[in-house]
Amino acid sequence: RVRFSGDAVGGCDRKVKKELSNASTSTAAAAAAAEGASNNEPDENCSSVLDDGTPDGTIHWLSMSFRDKSLETELRRRSWSDAYLLHQLAIVLMGAHHIAAVAHDSSLTPISLIWAPLCVFQLLSRHTIHVHLADQARAHELGSRILTLLIVVGTSLQRLALAVPGLHPQVAKDTALARSGEFALLFIMLHLSHVGLAYRLVLHACVTLSLATSGWGGDSRGWTQLGQPFDTLYVVVANVVGAAIGHCAEVILRRAFFARHVERRRADVVIERLEREKQRAQYDYELLAHEIRRSTVTFSGYASSAGAYSAGSTDATDR
């Protein structure tokens, strides 16, 4: 009986040791994964992490981009998906403005014939990319290129129309203010969309050269009834105001995004720490339960042995 109890103890001991070995292996793997996740070396996305584990949220003053490339990619991916309706609404309003301008003044038809089809093409291309391209970061880059190309085409056609005598009307002062304000809103939208610096510089150059260069040193009075130098002043002020407002708004958006990103990262760290503590507590519980079962079985074997010895002594005494 005592030998059977010892075998039971040994079998129980081997089984529990195997379970504890599996638990310790999983705990070690989880700890190694957590340690790897908290490693401060750059990853494949060129992530930059500070000494305290916080991502580097430094914003370059000129390019308006994060130094941490992974943060920049995540921001553009989210902005592409979250701002879909806002972008489409802005393009619809721009196209409606050109249609309404023709209804108000038929002399603006050449301008509307340039920009209205481009607005329709931008609507369709934005929707197609949003639906069919799953990689949002790549979709953002492709959408930025298409938007830049369309604006380059529109400003180039408008400059060619200005070069043809009598084709491009000389707009009134209020119409010129509205058209310049449209370009200012365009640059604000580019900043809110986190379009890259290279694309913004190209568009600033195209808008300026398409309108501000008309009417210098010739008989033409430019693209407005005021003529030069007011035509150049309209365009330059629109570019500067749009870039300044868009720059400030983009800084606010980027800082808010970085604050949310840091909070999510801290929450993930806390969850990982709690998970490790849970696994460690489970390991300690299994170890304690094993010790209790081992002590109980051993004590039961000793008690059975003592009972058998006592019974044998009593029989001998009676005899």
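This report concerns the structure included in the present document.

Re the packing of aromatic side chains
Taken as a whole, this structure holds three aromatic pairs when the rule is applied. Judged by centre distance (6.2 Å) and plane angle (40°), the rings of F66 and F257 are tilted. With F66 in the loop between α1 (2-37) and α2 (69-82) and F257 in helix α8 (residues 230-318), this pair connects stretches of sequence that are 191 residues apart. Taking the relative accessible area as the measure of exposure, F66 reaches 1% and is therefore buried. Relative to F258, the ring of F66 lies with its centre 6.4 Å away and its plane at 35°, an arrangement referred to as tilted. Separated by 192 residues along the polypeptide, F66 in the loop between α1 and α2 and F258 in helix α8 bring together distant segments of the chain. This pair shows no difference in class: F66 is buried, exactly as F258 is. Taken together, the aromatic side chains of F66, F257 and F258 make up a single cluster linked through ring pairs. R126 extends its terminal NZ or CZ atom over the ring of W80, reaching a point 3.6 Å from the ring centre. The ring of F66 carries the charged tip of R254 above its face, separated from the ring centre by 5.2 Å.

Some remarks on the environment of V241
Along the chain, V241 falls in helix α8. We classify V241 as partly exposed; its relative accessible area is 39%. Each C-alpha atom, one on V241 and one on L185, is 9.2 Å from the other, the two residues being 56 residues apart in sequence.

Regarding the nonpolar core
Among the nonpolar cores identified, the biggest contains 27 residues, and W115, V171, F183, L190, L211, W223 and V235 are the most heavily contacted of them. Elements that contribute at least two residues to this core include exactly α4 (109-132), α5 (136-163), α6 (173-192), α7 (197-211) and α8. Here this core takes six residues from α6, the largest share from any one element. Leaving out residues up to four positions away in the same chain, L211 has contacts with Q158, L162, F183, W223, Q228 and V235. Formed by six residues, the second largest nonpolar core is a distinct cluster that contains F66, L71, F257 and F258.

Some words on the pattern of salt bridges
Two side chains of opposite charge can pair, provided their charged atoms sit close to one another. Taken as a whole and judged by the stated rule, the model has eight salt bridges. Note that E250 is salt-bridged to R254, the shortest N-O span being 3.0 Å. On the criterion of helical spacing, the pair formed by E250 and R254 is a turn pair, its members being four residues apart in helix α8. Considered together, E250 and R254 belong to a single accessibility category, that of buried residues. A salt bridge links R280 to E277, with the nearest nitrogen and oxygen atoms 3.0 Å apart. A residue pair is termed a helical-turn pair when its members lie 3 or 4 positions apart in one helix, as R280 and E277 do in helix α8 at three residues.

A few points about α6
Taking 1.5 Å of rise per residue, 20 residues should cover 28 Å, and α6 covers 29 Å from first to last C-alpha, within 8% of that figure. Restricting attention to buried positions, one finds in α6 the residues A176, R179, S180, E182, F183, A184, L186, F187, I188, M189, L190 and H191. Of the residues flanking the end of α6, it is H194, one or two places downstream, whose phi is positive at about 60°.

Quick word on the packing of α2 against α5
With their axes 8 Å apart at the nearest point, α2 and α5 run at an angle of 75° to one another. By the criterion of interaxial angle, the relationship of α2 to α5 is roughly perpendicular. Every residue of α5 that contacts α2 at T73, R76, R77, S79, W80 and S81 is listed here: Q136, A137, A139, H140, E141 and G143. Per-class residue counts for the contact of α2 with α5 are three nonpolar, six polar and three charged.

Quick notes on the side chain of E182
Note that E182 resides in helix α6. Lacking a salt bridge, the buried E182 has R179 as its closest oppositely charged neighbour, with an N-O distance of 4.1 Å. A polar atom in the side chain of E182 sits 2.8 Å from the side chain of H97. Within polar-contact distance, the side chain of E182 engages the side chain of H98 at 3.2 Å. Aside from chain neighbours lying at most four places away, what touches E182 is M94, H97 and H98.

What to know about the packing of α4 against α5
It is at 10 Å that the axes of α4 and α5 come closest, and there the two elements cross at 170°. Taken together, α4 and α5 sit at an angle that is classed as roughly antiparallel. Here I111, I114, W115, L118, F121, Q122, S125 and I129 of α4 lie close against α5, whose contacting residues are A139, L142, G143, I146, L147, L150, I151, G154, T155, L157, Q158 and A161.

Considering helix α3 (residues 84-104)
For α3, with 21 residues, the first-to-last C-alpha span of 30 Å sits near the 30 Å given by 1.5 Å per residue. Among all positions of α3, only Y84, H87, Q88, I91, M94, G95, H98 and A101 are buried. All buried residues of α3 lie within an arc of 150° about the axis, which places them on one face of the element. Exposed and oriented more than 90 degrees from the buried face of α3 are L85, L86, L93, A103 and H104. Summarising the contacts, the buried residues of α3 are in contact with α2, α4 and α6.

Cut-offs and rules
- Residues numbered from 1 in each chain as written.
- Predicted model: local features only at pLDDT ≥ 70, side-chain atom pairs only at ≥ 80, totals over all residues.
- Heavy atoms only, no water.
- Phe/Tyr/Trp six-rings, centres within 6.5 Å; stacked < 30°, edge-to-face > 60°.
- Helix = DSSP H or I, 4+ residues; strand = E, 2+ residues; numbered from the N terminus.
- Buried < 20%, exposed > 50% of the residue type's maximum accessible area, 1.4 Å probe, protein only.
- Lys NZ or Arg CZ within 6 Å of the ring centre and 35° of its normal.
- Core = buried A, V, L, I, M, F, W, Y, C linked by side-chain atoms within 4.5 Å.
- Contact = heavy atoms within 4.5 Å.
- Salt bridge = Lys/Arg side-chain N within 4 Å of Asp/Glu carboxyl O.
- Expected span 1.5 Å × (residues − 1).
- Axes fitted to C-alpha atoms, helices over the stretch in contact; angles between N-to-C directions.
- Parallel < 35°, antiparallel > 145°, perpendicular 65-115°, else oblique.
- Nonpolar A, V, L, I, M, F, W, Y, C, P; charged D, E, K, R; others polar.
- Lys, Arg positive; Asp, Glu negative; His and termini not counted.
- Polar contact = N/O pair within 3.5 Å; in protein donor to acceptor, adjacent residues only side chain to side chain.
- Arc of directions from axis to C-beta.

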